[in-house]
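Report on the structure
Below, each chain spelled out in residue letters.
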Amino acid sequence: MKIASIISLAVAVLSLTNAAPIDRRPHSLFGPPAGSYKSHSVALTRNPRFKHNVPAQLAKLNSRFPGVVKVLASSGRVDVTNVENDLEYYGVVSVGTPPQEVKLDFDTGSSDIWFPAVNCTSAACKQHAQYDPSLSSTFQEDGRRWKITYGDQSSASGILGNDIVTVGGISVYQTIGLAQKQSSHFSSSISDGLFGLGFNTIETVPGVKTFLDNAIEAGLLEKPVISVFLPSVRRNGGVGGEYLFGDIDESKFLGELTYVPITKKGYWQIKVEDAGFNDDSIQQSSEGIVDTGTTLIIVSDKAANAIHSKIEGALKDPKNGWTVPCSLSSNTEDNITFTMSGTAFNVPIADLAFEDVGDGSGNCFSGIQGGQEGLWILGDVFIKNNYCVFDQGEARIGIAPLKYD
Ligand SMILES: *[C@@H]1O[C@H](CO)[C@@H](O)[C@H](O)[C@H]1NC(C)=O
Ligand SMILES: *[C@@H]1O[C@H](CO)[C@@H](O)[C@H](O)[C@H]1NC(C)=O
């Protein structure tokens, strides 16, 4: 049940101290798994703008039959579905020949691509799409063991394999994690698995290349970037979210992109120079990551205290973490700001009223929580207000305020 699990996540995040490398969970309120999802399923939305991407298909042919077809660099768009008021966003990915579809949570905070395999017997696998390598003529064994464990002890493991992975019309031959075991945390997850978009240095099996590495090397992308538009339910009903591989959609943001250099390749790590309430700085800085796979913004305890001290009615308790009055959702004036490369980016305080705690108090879980010392996480609460271009070619992130139609 969602509220209960949000509470347990809040408690979990409060008890975080210094997990290494970083205590985040792919895809939940405070980072992933799945404990936070309701168990009902959500209908897939077909991408209404999907077009067969001819240049990408030519390029794909070329990479399989070098010299036969001229490579044409291209770009590919994949629509994502907003789950439960911005809790997570997933897209549909095709694997193998003929294609088998899996719903994957695109995650810039990890790098593995994995989903359940047909011979996984864990209960959580049975509740999701299970890829069958024996039905794919392009599957090739790899055989190396693979295992990922997240901060809440949820885990998945199995073997690696190789197959064609297609997203938004861009196809590469990709090393994938076939999950043969999954912890029960994933049972209630709506997505089948993860699509990691971090750097290859944090692949769980060293030496494995990411989808982006492979697409760039094969010359499939016009630009070596992934551009992310994750709209919120509050601002436009949450519709039209997309990941654009290989290009930047100028119609999705206001003004110019500010480029922020990557300080360490692993996560998409950057320097956060300051945070504040409107023009009122809290005079704190930290390394941070821009992480599409984490729902909220998680900062240090000290920064969370300073930010909430500016907000009337904000409270912290051991059970719920930081809460704010739900009435903030109608505030149209004030922002929390995060400064990178000298530019302050806004998160309207309306987005701090994340979700009613459900106890009749009129308080909501805050969209900003503490407990991440030394490495702040700018999750979806940040990204749903700011268009982000993850530029692997130049090792930087371009950021600009999101433009809603
Ligand atoms: C599942 O299938 C893979 C081959 O696709 C095989 O290597 C592995 O041993 C199988 N696992 C189980 C638990 O049967
Ligand atoms: C808060 O952000 C919005 C959107 O960027 C902006 O229009 C508004 O002026 C900001 N408010 C303040 C007080 O700076």
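Computed from a prediction, not measured in an experiment: that's the story for all the values here.

Thresholds applied
Residues numbered from 1 in each chain as written. Chains lettered and ligands numbered in written order. Predicted model: local features only at pLDDT ≥ 70, side-chain atom pairs only at ≥ 80, totals over all residues. Pairing = 2+ DSSP bridges. Helix = DSSP H or I, 4+ residues; strand = E, 2+ residues; numbered from the N terminus. Near = placed C-beta within 6 Å. Nonpolar A, V, L, I, M, F, W, Y, C, P; charged D, E, K, R; others polar. Buried ≥ 20, exposed ≤ 12 C-beta atoms within 10 Å, placed from the backbone. Contact = placed C-beta atoms within 7 Å. pLDDT = per-residue confidence, 0-100.

**Remarks on the sheet that holds strand 16 (residues 286-290)**
Pairing within the open sheet is mixed, and its 6 strands lie in the order 12-13-16-25-17-24. Two strands in the sheet have a free side with no partner beyond their single neighbour: strand 12 (264-265) and strand 24 (368-369). In the sheet, strand 16 pairs with strand 25 (residues 375-378) via 4 bridges, with the strands oriented parallel. Bridging across to strand 25, G288 finds its partner in W376.

**Comments concerning the site of ligand 1**
Near ligand 1 you find A117, N119, P133, I159 and Q180, and these make up its full shell. The residue inventory of the shell around ligand 1, partitioned by class, reads 3 nonpolar, 2 polar and no charged.

**Comments concerning the environment of Q174**
Turning to its location among the elements, Q174 is positioned in strand 7 (residues 170-182). You can call Q174 buried: it has 22 C-beta atoms within 10 Å. In this structure the C-alpha to C-alpha distance between Q174 and V95, which are 79 residues apart in sequence, comes to 9.4 Å. Discounting residues that sit within four places of it in the chain, Q174 has contacts with I113, N162, D163, V165, F211 and N214.

**Digging into the site of ligand 2**
Around ligand 2 lies a shell formed by N278, E333, D334, N335, N346, P348 and P401. Here the residues of the shell around ligand 2 are counted per class, giving 2 nonpolar, 3 polar and 2 charged.

**Points about the pairing of strand 23 (residues 363-366)**
Looking down a regular strand, the side chains alternate between one sheet face and the other. Where strand 19 (residues 321-325) lies against strand 23, 3 bridges are found, and the strand directions are antiparallel. From the neighbouring strand, P325 faces strand 23, where its bridge partner is N363. With 3 bridges joining them, strand 22 (residues 353-356) and strand 23 adopt antiparallel strand pairing. Along strand 23, the bridge assignment pairs A353 with S366. In textbook terms, the turn of a hairpin is the stretch between consecutive antiparallel strands, and for strand 22 and strand 23 this stretch comprises 6 residues, one of which, G358, has a positive phi near 85°.

**Points about the sheet that holds strand 20 (residues 335-340)**
In spatial order, the strands read 15-14-20-21; together these 4 strands make up an open sheet with antiparallel pairing. The strands lining the two open edges of the sheet, one partner per strand, are strand 15 (280-281) and strand 21 (343-348). Relative to strand 20, strand 14 (residues 274-277) is paired through 4 bridges, and the arrangement is antiparallel. Of the residues in strand 20, the one forming a bridge with G276 is T337.

**Section: the confidence of the model for the protein**
Looking at the protein, the pLDDT average stands at 85 and 82% of residues meet or exceed 70. The low-confidence segment residues 1-71, where pLDDT is below 50, has 153 contacts with residues more than four positions distant or belonging to other chains.

**Focus on unusual backbone geometry**
Cis geometry marks the peptide bond from T97 to P98, where omega comes out at -5°. Position of P98 among the secondary structure elements: in the loop between strand 2 (88-95) and strand 3 (100-107). Although it is not a glycine, N85 sits at a positive phi angle of roughly 50°. Taking the C-beta count within 10 Å as the criterion, N85 has 13 such neighbours and is therefore assigned partly exposed.

**Structural notes on the environment of S184**
With respect to the helices, strands and loops of the structure, S184 is situated in the loop between strand 7 and strand 8 (193-196). We classify S184 as partly exposed; it has 13 C-beta atoms within 10 Å. If near-sequence neighbours (up to four positions away) are discounted, S184 is found in contact with A123 and A124.

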